[in-house]
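# Close look at the chain arrangement
One-letter residues, chain by chain:
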Amino acid sequence: MAAVSAAGPAANVFPFRDARAAPDPVLEAGPMAHGPLPVPLVLDNGSFQARAGWACPGPDPGPEPRLQFRAVCARGRGGARGGAGPQVGNALGSLEPLRWMLRSPFDRNVPVNLELQELLFDYSFQHLGVSSQGCVNHPIVLTEAVCNPLYSRQMMSELLFECYGIPKVAYGIDSLFSFYHNKPKNLTSSGLIISSGYQCTHILPILEGRLDAKNCKRINLGGSQAAGYLQRLLQLKYPGHLAAITLSRMEEILHEHSYIAEDYVEELQKWQCPDYYENNVHKMQLPFSSKLLGSTLTSEEKQERRQQQLRRLQELNARRREEKLQVDQERLDRLLYVQELLEDGHMDQFRKALMELNMDSPEELQSYIQKLSSAVEQAKQKILQAEVNLEVDVVDSKPETPDLEQLEPSLEDVESINDFEPLFSEETPEVEKPVTTVQPVFNLAAYHQLFVGTERIRAPEIIFQPSLIGEEQAGIAETLQYILGSWRDCTRRNRFSPRYPKDVQERLVQNVFLTGGNMMYPGMKVRMEKELLEMRPFQSSFQVQLASNPVLDAWYGARDWALDHLDDDEVWITRKDYEEKGGEYFKEHCASNVYVPIRLPKQASRSSEAPASGKGSAASGGGAGEQA
């Protein structure tokens with residue numbers, strides 16, 4: 001997202017790009033991916049966009065992921081009947097015509113529909129040049145949500161190991177991979193990660209390089225809610241352009257024209273000034289047609305257009321008749337050939353041909369030949385009649401040339417005209433006025449403009465003030481203060497105890513790291529510094545750092561992590577681990593979640609259950625109640 005500055009009112013008009021995604025080519029894996037050791041595949045499985053590429057060892061592992069596409073699928077209506085199958089990612093082109101058909105494997109940021117997730121994996125492997133038939137013989141580094149549910153990870157491991165037969169996999173959090181990519185190497189650091197994506201926002205404390213999952217907080221707001229809020233604002237403001245105010249265009253406004261206000265109330269007061277509004281409002285130009293609703297054609301032009309349409313229909317009907325006649329003629333020739341077989345005495349071939357035609361007797365064949373012959377003759381007559389009518393229309397449409405000899409006036413005619421000359425006025429007769437086009441009473445271009453003023457700051461402000469859209473949640477600043485503040489300890493007579501000691505708080509705020517696509521608004525870093533300045537003690541220090549590339553740093557970090565831990569078996573989940581310990585099992589590392597195994601309730605042994613049941617049957621009802 002970049003702030004677009006305008007020098008004057010004329011420069012404040014911005015057309016919508018309406019970018020259409022180009023289909024991804026099927027790439028080749030390359031010689032580096034087929035070395036002596038399998039090269040890891042890095043998949044950033046985001047809810048908005050998926051990114052896939054290779055973690056090739058060497059001095060130049062690659063500038064960026066080879067594949068980036070929207071994590072959505074659309075199934076065609078005729079897919080089950082042999083029609084077009086499901087389309088994924090950039091193969092969809094423009095999303096708006098298919099918006100009602102789009103399906104995502106995610107619920108918020110957690111994958112729950114593994115059937116759609118398999119389509120995303122198939123698309124990634126196919127376009128990276130990896131054959132998914134049989135097995136994918138490459139280790140995979142896959143991102144997952146913070147505190148990912150065990151069931152989701154279990155289904156994901158089952159899909160990777162059972163469906164694709166991968167050798168090993170490692171799970172990690174996208175924001176921790178981004179943190180890993182931006183921190184200096186071989187440095188165990190602490191900090192606070194503020195990650196805001198398409199569906200939700202997380203605040204993650206990092207202590208000595210490991211995630212403190214107990215104090216992680218999540219806000220169910222992100223870029224998707226901001227785009228929906230902006231769409232509702234502009235649809236209420238411009239009810240005449242409801243269909244043109246689409247989610248894709250709202251995302252474009254958010255990415256390129258929105259910003260975060262350092263002080264929201266003060267910024268709104270600035271927008272009350274007419275000069276400030278005129279200099280900073282962005283006029284988004286909607287596509288429109290300059291043709292008016294009223295017709296500007298003359299009667300002769302209308303008649304000519306009707307004749308052209310009539311000719312076009314006649315040609316279309318004639319073409320259809322010819323095609324049908326050709327099919328019927330081929331069918332008739334086939335039937336006549338079968339009849340010749342009967343006449344020549346080839347009975348075996350005749351019976352075989354009759355069975356192929358699904359007929360029972362020669363009489364039925366003869367009846368069908370007569371009907372088809374009459375239909376062919378009628379079709380030929382219609383075609384000839386249509387050609388004759390077309391020639392007659394062409395002849396009639398030619399202008400008749402008058403006889404020039406009859407137009408020459410005689411002397412008597414001239415004298416009679418001179419007798420009536422005084423009756424005519426000396427004024428020139430009125431000439432028929434040409435039909436003029438009706439000019440619009442307003443500027444069509446200006447009518448199709450969306451004036452985006454305070455909406456530029458209102459939409460992204462919801463992550464700081466969720467109450468703007470009616471959400472009963474705390475914003476980023478309040479949640480951050482909650483993590484750094486105190487909590488009520490019931491075991492110590494409701495005394496307030498800090499979650500972290502003061503020295504740990506100082507270490508955390510010295511490295512506040514911002515990452516995620518929803519953190520790319522201009523002014524985000526300045527706003528976070530202002531919020532920290534208000535909540536931290538007087539004259540205390542803190543430092544806010546924005547990721548070098550908030551969108552792609554998660555993939556870069558996962559690639560760097562895969563290269564650094566390629567031979568470390570302590571962080572990879574092998575197929576043996578999956579079969580022995582279950583699909584929800586994974587190994588912790590510096591960019592992973594905290595593993596919490598499933599604790600099943602202990603069941604009593606059968607030997608102890610038998611005497612208990614015998615005792616219960618011999619005891620009375622009251623004794624059974626006491627035992628229970």
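As a starting point, this report considers the structure included with it. Since the model is a prediction, treat every value here as computed from it, not as a measurement.

## Concerning the packing of aromatic side chains
Under the criterion given, the structure shown has 14 aromatic pairs. A network of ring pairs unites the aromatic residues F121, F125 and Y164 as a single cluster. Geometry around Y482 places R499 over its ring, the cationic atom sitting 3.9 Å from the centre.

## Notes on the packing of helix 3 (residues 174–182) against helix 18 (residues 553–564)
Between helix 3 and helix 18, the shortest axis-to-axis distance is 7 Å and the interhelical angle comes to 70°. In terms of orientation, helix 3 lies roughly perpendicular with respect to helix 18. Contacts between helix 3 and helix 18 involve D174, F177, S178, Y180, H181 and N182 from the first element and D553, A554, Y556, G557, A558, D560, W561 and D564 from the second. Partitioning the contact of helix 3 with helix 18 into residue classes produces 6 nonpolar, 4 polar and 4 charged.

## Things to note about the pattern of salt bridges
Note that side chains of opposite charge can pair when their charged atoms are close. On inspection of all chains with the given rule, the structure shows 23 salt bridges. Put simply, D577 and K587 hold a salt bridge, and the shortest N to O gap is 3.2 Å. Placement of D577 in helix 19 (residues 575–581) and of K587 in the loop between helix 19 and helix 20 (606–618) is noted, with a sequence separation of 10 residues between them. The pair formed by D577 and K587 is uniform in burial state, with each residue classed as buried. Ionic contacts of the salt-bridge type, sharing partners, join the residues R17, E252 and E256 into one network.

## Side note on helix 9 (residues 347–356)
A turn of α-helix holds 3.6 residues, and therefore any two residues three or four places apart point the same way. For helix 9, the set of buried residues is F350, A353 and L354. Down the axis of helix 9, the sector holding all buried residues measures 100°, keeping them to one side. For helix 9, exposure combined with an orientation more than 90 degrees from the buried face picks out D348, K352, M355 and E356. Immediately beyond the C-terminal end of helix 9, within one or two residues, lies N358, with a positive phi of roughly 60°.

Quick notes on the rules
Every residue gets a number counted from 1 within its own chain, in the order that chain's sequence is written. For a predicted model such as this one, the threshold for reporting local features is a pLDDT of at least 70, and the threshold for listing and counting side-chain atom pairs is 80 or more; totals across whole chains, interfaces and linings nevertheless cover every residue. Only hydrogens and water are set aside; all other atoms, that is, all heavy atoms of the structure, feed into the side-chain values. Any two of the Phe, Tyr and Trp rings considered here, Trp counted by its six-membered ring, make a pair once their centres fall within 6.5 Å; the pair's planes then place it as stacked at under 30 degrees, edge-to-face at over 60, or tilted in between. We count a charge as sitting over a ring when the NZ of a lysine or the CZ of an arginine lies within 6 Å of the ring centre and within 35 degrees of the ring normal. With axes taken as lines fitted to C-alpha atoms, and helix axes fitted only over the stretch in contact, angles between N-to-C directions fall between 0 and 180 degrees. Put simply, DSSP marks the helices as runs of H or I at least four residues long and the strands as runs of E at least two long, and each gets a number from the N terminus on. Roughly parallel here means an angle under 35 degrees, roughly antiparallel means over 145, roughly perpendicular means 65 to 115, and every remaining angle is called oblique. Any pair of residues with heavy atoms lying within 4.5 Å of one another is described as a contacting pair. Lys, Arg, Asp and Glu make up the charged group, whereas Ala, Val, Leu, Ile, Met, Phe, Trp, Tyr, Cys and Pro make up the nonpolar group; the residues left over, Gly among them, are polar. Between Lys or Arg on one side and Asp or Glu on the other, a salt bridge is scored when a side-chain nitrogen of the former is within 4 Å of a carboxyl oxygen of the latter. Burial classes follow relative accessibility: with a 1.4 Å probe on protein chains only, a residue under 20% of its type's maximum area counts as buried, one over 50% as exposed, and anything between as partly exposed. Picture the helix axis, draw a direction to every C-beta atom, and the arc is the one those directions span.

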